Amino acid sequence: NNEESTTITASASEYWHAVTRLEMISARGAPLAGCSRYERCLAPALGQRKRVAQRLLTTAHAAAQSASSKVPPAELLAAAKAAALVGAEVVMDAVNKPRNISRKEGTDIVTETDNAAEAAITAALLQVFPNHAVLGEESGLMGDPTSDYLWCIDPLDGTVNFAHGYSGFNVSVGVLRHATPIAGCVVEFIGAPGQWSMRVFTGSRNGGAFCNGEPIMVSRTKKVRDALVATELVMYEDMWPHLQQLHTVFTRDSRGVRMSGAAAANLCHLAQGTIDTYWQFNLKPWDAAAGVIIAEEAGARISTADGTAFSVFDKSLLATNDALYEQMLAITDPVMDAMHEQKVDLTPYKIEGYRVKTGAQLE
């Protein structure tokens, strides 16, 4: 039945990830000390185990797909976690090595690690779901653009942090059905050069939110004056006066403002209650898809900055707990009104070659 096929596929995905991770560790000659007991047991005959894992995954996925046209959230989450951890291994392998940095637009940069991690994640996802669409920050749209499912990948969210050896960068993999986030995984790197560790945030629709397998929830802070606020100040010419206005208000009226350098990290920190609220403009789908479902499942209330229903294609985001939401909206909504009056571009993000199915409803 559908429940059994979902369990089988999730287990096959975990097995496939374990042998893939071991393969990468073995290739770079690293010790198995950091591996789980389960992974160490799989180490002998690694090549044969990889082939078995792929057959299991393909068979289990086919069984699940034949049971239902929809993919259960548990299966999507297993794939998101497996793919994110594969990407995280690429990042971990490069984190203490010299960076090869290129410029994109303005001060935005990209490294070889961004591209390598995205390629590994994309291959992992399309191997499991060849008929899904995949949107990568670096590579754009791949897979089947007519699919109900869109995977949104940020292979290295916080590239500047990574390039400088500054804590807070992460790998983010989220999946939408139509325009609704269903499952996501964010692997955050914390520590310092030579001392990096990872923590894994996961969430799925009606399945809860977790950090390293432990349930998490948003804070219970009730007043803005007691709140720790997160944002990222980026120089967008037409928005800058309005962003400065918001930053001034929150610096003056809240307990403090923090910038992690990565949108997915901010949403996960909100989910675990270490910050109380997060506002942001000009995010892209790959910035928000995984973090939004994790935060929502942890109890966050999320909308645009003027209080309308949020989509990861929107250009404004307000995320906080229920107690703070109306207080935050009273600050951000008038600024949004001023932006509209001054004709600041707030049109939703569009993916070339892909039509977002915003009218379709989840059953």
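Note: the structure precedes this text.
Below or above, wherever it landed, is the structure these notes cover. (Residues numbered from 1 in each chain as written. Predicted model: local features only at pLDDT ≥ 70, side-chain atom pairs only at ≥ 80, totals over all residues. Heavy atoms only, no water.)

Things to note about the overall build of the protein
Scanning the protein from N- to C-terminus turns up 10 helices and 15 strands. For the protein, contacts bridging at least 24 residues in sequence account for 65% of all contacts bridging at least 6. Here the protein displays about 16000 Å² of accessible surface, and carbon together with sulfur accounts for 51% of that area. (Helix = DSSP H or I, 4+ residues; strand = E, 2+ residues; numbered from the N terminus. Contact = heavy atoms within 4.5 Å. Areas by Shrake-Rupley, 256 points an atom, 1.4 Å probe, with all protein chains shown as cover.)

Thoughts on the sheet that holds strand 12 (residues 256-258)
The strand order across the open sheet built from five strands is 12-11-13-15-14, with neighbouring strands paired in mixed fashion. A single partner strand is all that each edge strand has here, and the edge strands are strand 12 and strand 14 (301-303). Along the sheet, successive strands turn relative to each other by an average axial angle of 20 degrees, direction set aside. Pairing between strand 14 and strand 15 (residues 316-320): three bridges, direction antiparallel. Bridging from a neighbouring strand, serine 303 pairs with leucine 318 of strand 15. (Pairing = 2+ DSSP bridges. Axes fitted to C-alpha atoms, helices over the stretch in contact; angles between N-to-C directions.)

Observations concerning the pattern of salt bridges
Any two side chains of opposite charge can pair if their charged atoms end up close together. With the rule as written, the count across this model stands at seven salt bridges. Here glutamate 326 and arginine 301 are joined by a salt bridge, their closest N and O atoms 3.7 Å apart. Within this pair, whereas glutamate 326 is found in helix 10 (residues 322-341), its partner arginine 301 is found in strand 14, the two being separated by 25 residues in sequence. Glutamate 326 gets classed as partly exposed once you look at its relative accessible area, which sits at 48%. For arginine 301, a relative accessible area of 34% corresponds to the partly exposed category. (Salt bridge = Lys/Arg side-chain N within 4 Å of Asp/Glu carboxyl O. Buried < 20%, exposed > 50% of the residue type's maximum accessible area, 1.4 Å probe, protein only.)

Looking at the packing of aromatic side chains
Going through the model one piece at a time under the given rule, you end up with seven aromatic pairs. Ring plane angle 25 degrees and centroid distance 5.8 Å describe the contact between phenylalanine 129 and tryptophan 151, whose orientation is recorded as stacked. Of this pair, phenylalanine 129 sits in the loop between helix 5 (112-128) and strand 3 (133-136) while tryptophan 151 sits in strand 5 (residues 149-157); the two residues are 22 residues apart in sequence, bridging distant segments of the chain. A single burial state applies to phenylalanine 129 and to tryptophan 151, both of which are buried. Considering the side-chain rings of tryptophan 286 and tyrosine 349, the 5.8 Å spacing of their centres and the 85 degrees angle between planes classify their relative orientation as edge-to-face. Here the residue tryptophan 286 occupies a position in helix 9 (residues 285-297), and tyrosine 349 occupies one in the segment after helix 10, the gap between them amounting to 63 residues. For tryptophan 286, a relative accessible area of 8% corresponds to the buried category. Among the aromatic side chains, those forming a connected cluster through ring pairs are Phe162, Phe169, Phe189 and Trp196. (Phe/Tyr/Trp six-rings, centres within 6.5 Å; stacked < 30°, edge-to-face > 60°.)

Points about the packing of helix 4 (residues 73-94) against helix 5
Packing of helix 4 against helix 5 leaves a shortest axis separation of 9 Å and a crossing angle of 155 degrees. Comparing the axis directions of helix 4 and helix 5 gives the class roughly antiparallel. Our pair here, helix 4 against helix 5, has a crossing hand that is right-handed. Counted together, Ala79, Ala83, Val86, Gly87, Val90, Val91 and Ala94 of helix 4 and Thr113, Ala116, Ala117, Ala120, Ile121, Ala124 and Leu125 of helix 5 form the full contact between these two elements. Across the contact of helix 4 with helix 5, the residue classes break down as 12 nonpolar, two polar and no charged. (Parallel < 35°, antiparallel > 145°, perpendicular 65-115°, else oblique. Left-handed = near helix turned anticlockwise from the far one by under 90°. Nonpolar A, V, L, I, M, F, W, Y, C, P; charged D, E, K, R; others polar.)

A word on the sheet that holds strand 10 (residues 214-215)
As summarised here, the arrangement of the eight strands in space is 4-3-5-6-7-8-9-10, forming an open sheet in which the pairing is mixed. Strand pairing shows two members of the sheet lacking a second neighbour, strand 4 (140-143) and strand 10, which therefore form its edges. Relative to strand 5, helix 5 is tilted by about 150 degrees, and along the sheet it contacts strand 3, strand 4, strand 5 and strand 6 (170-177). Packing of helix 9 onto the sheet brings it into contact with strand 3, strand 5, strand 6, strand 7 (180-190), strand 8 (197-204) and strand 9 (208-211), and relative to strand 7 it is tilted by some 100 degrees.

Focus on the packing of helix 8 (residues 263-271) against helix 9
Direction vectors running N to C along helix 8 and helix 9 enclose 0 degrees, while the axes themselves pass 8 Å from each other. Classed by the angle they form, the pair helix 8 and helix 9 counts as roughly parallel. Within the contact between the two elements, helix 8 uses Ala263, Ala264, Leu267, Cys268, Leu270 and Ala271 and helix 9 uses Asp287, Ala288, Gly291, Val292, Ile294 and Ala295. Split into classes, the residues belonging to the contact of helix 8 with helix 9 amount to 10 nonpolar, one polar and one charged.

Side note on the pairing of strand 4
Note that strand 3 and strand 4 share four bridges and pair antiparallel. When the bridges of strand 4 are listed, alanine 133 appears paired with glycine 143. Two successive antiparallel strands, strand 3 and strand 4, enclose a turn made up of three residues.

As for the nonpolar core
Side chains of a nonpolar character, in soluble globular proteins, are inclined to be buried together. Counting residues in hydrophobic clusters, the biggest one holds 40 residues, and the most contacted among them are Leu150, Ile216, Tyr278, Ile294, Ile302 and Leu317. Looking at this core, the elements that each hand over two or more residues are strand 3, strand 5, strand 9, helix 8, helix 9 and strand 15. In terms of residue count, helix 9 provides more of this core than any other element does, eight residues in total. Beyond its immediate chain neighbours, meaning those up to four positions away, isoleucine 302 contacts Val292, Ala295, Glu296, Phe310, Leu317, Leu318 and Ala319. In this structure, Val90, Met92, Val95 and Ile153 belong to the second largest nonpolar core, which totals 37 residues. (Core = buried A, V, L, I, M, F, W, Y, C linked by side-chain atoms within 4.5 Å.)

Quick notes on helix 9
Taking 1.5 Å as the rise per residue, helix 9 with 13 residues should run 18 Å; its terminal C-alpha atoms sit 18 Å apart, in good agreement. Of all the bends in helix 9, the greatest, near 30 degrees, is centred on glycine 291. The buried count for helix 9 comes to 12 of 13 residues, which makes it a mostly enclosed element. Every buried residue of helix 9 is accounted for by Pro285, Trp286, Asp287, Ala288, Ala289, Ala290, Gly291, Val292, Ile293, Ile294, Ala295 and Glu297. (Expected span 1.5 Å × (residues − 1). Bend = angle between axes of the 7 residues up to and from the residue.)

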